[in-house]
2 protein chains.
Amino acid sequence: MSDPVTIVTFDWVPDMPRGFVRDLRVRWLLEEIGRPYTVETVPLRGKVADHFRQQPFGQVPFVRVGGLTLFESGAILLHLAKGTPLLPEGDAGAQTLQWVIAALNSVEPWVTNWMIARLFRNDPVLIEAAMPTMTLRLTQLQDVLADREWLVPQGFTVADLLMADVLRIPDRDDQLAPYPGLAAYKARALARPAFAKAYADQMAHWQKAGP
Amino acid sequence: MSDPVTIVTFDWVPDMPRGFVRDLRVRWLLEEIGRPYTVETVPLRGKVADHFRQQPFGQVPFVRVGGLTLFESGAILLHLAKGTPLLPEGDAGAQTLQWVIAALNSVEPWVTNWMIARLFRNDPVLIEAAMPTMTLRLTQLQDVLADREWLVPQGFTVADLLMADVLRIPDRDDQLAPYPGLAAYKARALARPAFAKAYADQMAHWQKAGP
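The rules behind the values
- Residues numbered from 1 in each chain as written.
- Chains lettered and ligands numbered in written order.
- Predicted model: local features only at pLDDT ≥ 70, side-chain atom pairs only at ≥ 80, totals over all residues.
- Heavy atoms only, no water.
- Helix = DSSP H or I, 4+ residues; strand = E, 2+ residues; numbered from the N terminus.
- Rg over C-alpha atoms; globule rule 2.2 N^0.38 Å.
- Buried < 20%, exposed > 50% of the residue type's maximum accessible area, 1.4 Å probe, protein only.
- Areas by Shrake-Rupley, 256 points an atom, 1.4 Å probe, with all protein chains shown as cover.
- Lys, Arg positive; Asp, Glu negative; His and termini not counted.
- Charge placed at Lys NZ, Arg CZ, Asp CG, Glu CD.
- Arc of directions from axis to C-beta.
- Contact = heavy atoms within 4.5 Å.
- Least-squares fit on C-alpha atoms with pLDDT ≥ 70 in both.
- Axes fitted to C-alpha atoms, helices over the stretch in contact; angles between N-to-C directions.
- Parallel < 35°, antiparallel > 145°, perpendicular 65-115°, else oblique.
- Nonpolar A, V, L, I, M, F, W, Y, C, P; charged D, E, K, R; others polar.
- pLDDT = per-residue confidence, 0-100.
- Pairing = 2+ DSSP bridges.
- Polar contact = N/O pair within 3.5 Å; in protein donor to acceptor, adjacent residues only side chain to side chain.
- Core = buried A, V, L, I, M, F, W, Y, C linked by side-chain atoms within 4.5 Å.
- Buried area = accessible area lost by both parts, 1.4 Å probe.
- Salt bridge = Lys/Arg side-chain N within 4 Å of Asp/Glu carboxyl O.

### Some remarks on the overall build of chain A
Each helix and strand counted, chain A has 8 helices and 4 strands in total. Computed over the C-alpha atoms, the radius of gyration of chain A is 17 Å, within 12% of the 17 Å expected from 2.2 N^0.38 for a compact globule of 211 residues. Taken along the three principal axes of its C-alpha coordinates, chain A extends 45 × 40 × 30 Å. Across the 211 residues in chain A, those meeting the buried criterion constitute 56%. Working note: accessible area of chain A is about 8,700 Å², and carbon and sulfur atoms make up 55% of it. In chain A, 21 positive and 23 negative side-chain charges are present, and the distance between their average locations comes to 5 Å.

Pasting the structure below:
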């Protein structure tokens, strides 16, 4: 018997981040591996000390698995995927780890810079500063995917789940349009029933939270 | 017998990044665990297709371990630390993973934004845009370290090695001065003989490469 998993997310968020809060990644993984979970919340407006005690940056998600509390969605994914086909053993596992870290450290930060500049601040100077590195990384990633369906030859892994979710960010503002290879890769990943279920469940959570 | 490890780094870099190229992290880990390695190079000026084939973003380091080629310094550290005291088993291992990802995804990107704005571009608008998030993350990280010597209660792990190396970046321009707790943590980590050896070896590599 696996320990029960509790995902902790916010009690409410504004419209813009709905469907993008990172508990989505964890929900998606748990749907992929068929592991049930429950959801608890912390307040977004008026963050409490107990939240920072469990997630020192005041972010979500964090999870409780048995007696362990764990934050950082990337670490949660790697921890929960262990021993499942989404994180293979051996060299394929090392390559999965490599692409998880690439998503978190070589792609997401540049995509996030663009997102903050464009969607949060809408500041032309910051957008122009953020574009070249995002463009470079997306071009390089598309080159990698030119000859393969998923990042690791063995098939869909937790690295694809994470990378596809990262690619949803620029896709919001049509920034994937110049990269048909990346758009197709993202669409392949999002076509998985586990994504649809996770997305619907996160949106239902915000629906219940109210406008 | 462990497979031999080859670190691939650049053949030359300008003065500014010397001592900061990320092969340092891998050298440091290998010194900590007493595992020998050899060094090979790829050209920085005139990057070659064979480099991108092994590291699709054209960066360094990447490593060869037996038949496996692996990039992303964070993934290399986690892969090589497996089975050593620097990456414990069980819950302490999950927490180590959590702090490795925190260093890579919640601290380094904001520190890097500041570094690019300040050290590469010296652009006041970009510096001002980068400061608030870096300041917030450094403050939160210092709060975490207020009651502990290392990030994970069990002792020094690969997460401290990585986080301390990330903190060296803002320290270049005295940006750690307002955070005595972080400065002390960084100093504790850098006092380790393995860091000194790794740093000296990287600097000797650039020395040999010429000005």
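From this point on, the discussion continues.
### Overview of helix α7 (residues 180-190) of chain A
Residue and element names in this part refer to chain A. Taken together, the buried positions of α7 are Leu 182, Tyr 185, Lys 186 and Ala 189. Taken around the axis of α7, the buried residues stretch over an arc of 95°, which confines them to a single face. The inward-facing, buried residues of α7 abut α1 (23-32), α5 (124-145), α6 (158-171) and α8 (193-209).

### A closer look at the relation of the copies chain B and chain A
Once chain B is rotated about the relating axis by 180° and shifted along it by 0.0 Å, it coincides with chain A to within an RMSD of 0.0 Å. Look at the turn and shift together and you get a two-fold axis relating the two. Take the interface residues of chain B: 100% of them recur as interface residues in chain A, which is what a same-surface contact looks like.

### Thoughts on the packing of helix α4 (residues 90-121) of chain A against α6 of chain A
All names here are of chain A. Taken N-terminus to C-terminus, the directions of α4 and α6 make an angle of 10°; their axes are 9 Å apart at the nearest point. When the interaxial angle is binned, α4 and α6 end up roughly parallel. Of the residues in α6, those in contact with Thr 96, Trp 99, Val 100, Ala 103, Leu 104, Val 107, Glu 108, Val 111, Trp 114 and Met 115 of α4 are Val 158, Ala 159, Leu 162, Met 163, Val 166, Ile 169 and Pro 170. Of the residues in the contact of α4 with α6, the class split is 15 nonpolar, 1 polar and 1 charged.

### A look at the confidence of the model for chain A
Per-chain confidence: chain A averages 97 in pLDDT, with 100% of residues scoring 70 or above. Scoring of the predicted complex yields 0.98 for pTM and 0.98 for ipTM.

### With respect to the sheet that holds strand β3 (residues 62-65) of chain A
Sheets are built from strands that pair by backbone hydrogen bonding, the pairs being arranged parallel or antiparallel. All names here are of chain A. Strand order in the open sheet formed by 4 strands is β2-β1-β3-β4, and the pairing between neighbours is mixed. Bordering the open sheet on either side are β2 (37-42) and β4 (68-71), each of which pairs with just one other strand. Averaged over neighbouring strand pairs, the angle between their axes works out to 25° when direction is ignored. When strand β1 (residues 5-10) meets β3, the two strands line up antiparallel, connected through 4 bridges. Its bridge partner lying in β3, Ile 7 is registered against Val 63.

### Notes on the side chain of Thr 9 of chain B
All names here are of chain B. Here Thr 9 lies in strand β1 (residues 5-10). Reaching out from Thr 9, the side chain makes a polar contact with the side chain of Asp 23 at a distance of 2.5 Å. The contact partners of Thr 9, leaving out residues within four places of it in the chain, are Val 21, Asp 23, Val 39, Glu 40, Thr 41, Val 42, Val 60, His 205 and Trp 206.

### Thoughts on unusual backbone geometry
Residues and elements named next belong to chain A. Val 60 connects to Pro 61 through a cis peptide bond whose omega is 0°. Along the chain, Pro 61 falls in the loop between α2 (49-54) and β3. The phi dihedral of Asn 122 is positive, around 50°, even though this residue is not glycine. With respect to the secondary-structure elements, Asn 122 resides in the loop between α4 and α5.

### Focus: the nonpolar core
Counting 142 residues, the largest nonpolar core has Trp 28, Trp 99 and Leu 151 of chain A together with Trp 28, Trp 99 and Leu 151 of chain B as its most contacted members. Not counting residues up to four positions away in its chain, the partners in contact with Trp 99 of chain A are Leu 141, Val 144, Arg 148, Leu 151, Val 152, Ala 159 and Met 163 of chain A together with Pro 56, Phe 57 and Phe 71 of chain B. Judged by nonpolar contacts, the second largest core, of 8 residues, contains Ala 129 of chain A together with Ala 117, Ile 127 and Ala 129 of chain B.

### Some words on the interface of chain B and chain A
Taken residue by residue, the interface counts 39 residues in chain B and 39 residues in chain A. A combined buried area of about 3,300 Å² lies between chain B and chain A, and 65% of that area is made up of carbon and sulfur atoms. The largest share of the area that chain B buries against chain A comes from Phe 57, Gln 98 and Asn 105 of chain B, three residues that together contribute 18% of it. For the pair chain B and chain A, the interface holds 0 salt bridges. Viewed at the interface, chain A and chain B are joined by 13 residue pairs in polar contact (both at pLDDT 80 or more). Residue assignment for the side of chain B that touches chain A shows that the elements contributing at least two residues are β4 (68-71), α3 (73-81), α4 (90-121) and α5 (124-145) of chain B. Residue contributions to the side of chain B that touches chain A peak at 19 residues, all from α4 of chain B. Taken together, the residues that form the side of chain B that touches chain A break down as 22 nonpolar, 11 polar and 6 charged.

### Quick notes on helix α3 (residues 73-81) of chain A
All names here are of chain A. With 8 of 9 residues buried, α3 lies mostly within the body of the structure. What α3 keeps buried is the set Ser 73, Gly 74, Ala 75, Ile 76, Leu 77, Leu 78, Leu 80 and Ala 81. Gly 83 occupies a position one or two residues after α3 and carries a positive phi of about 80°.

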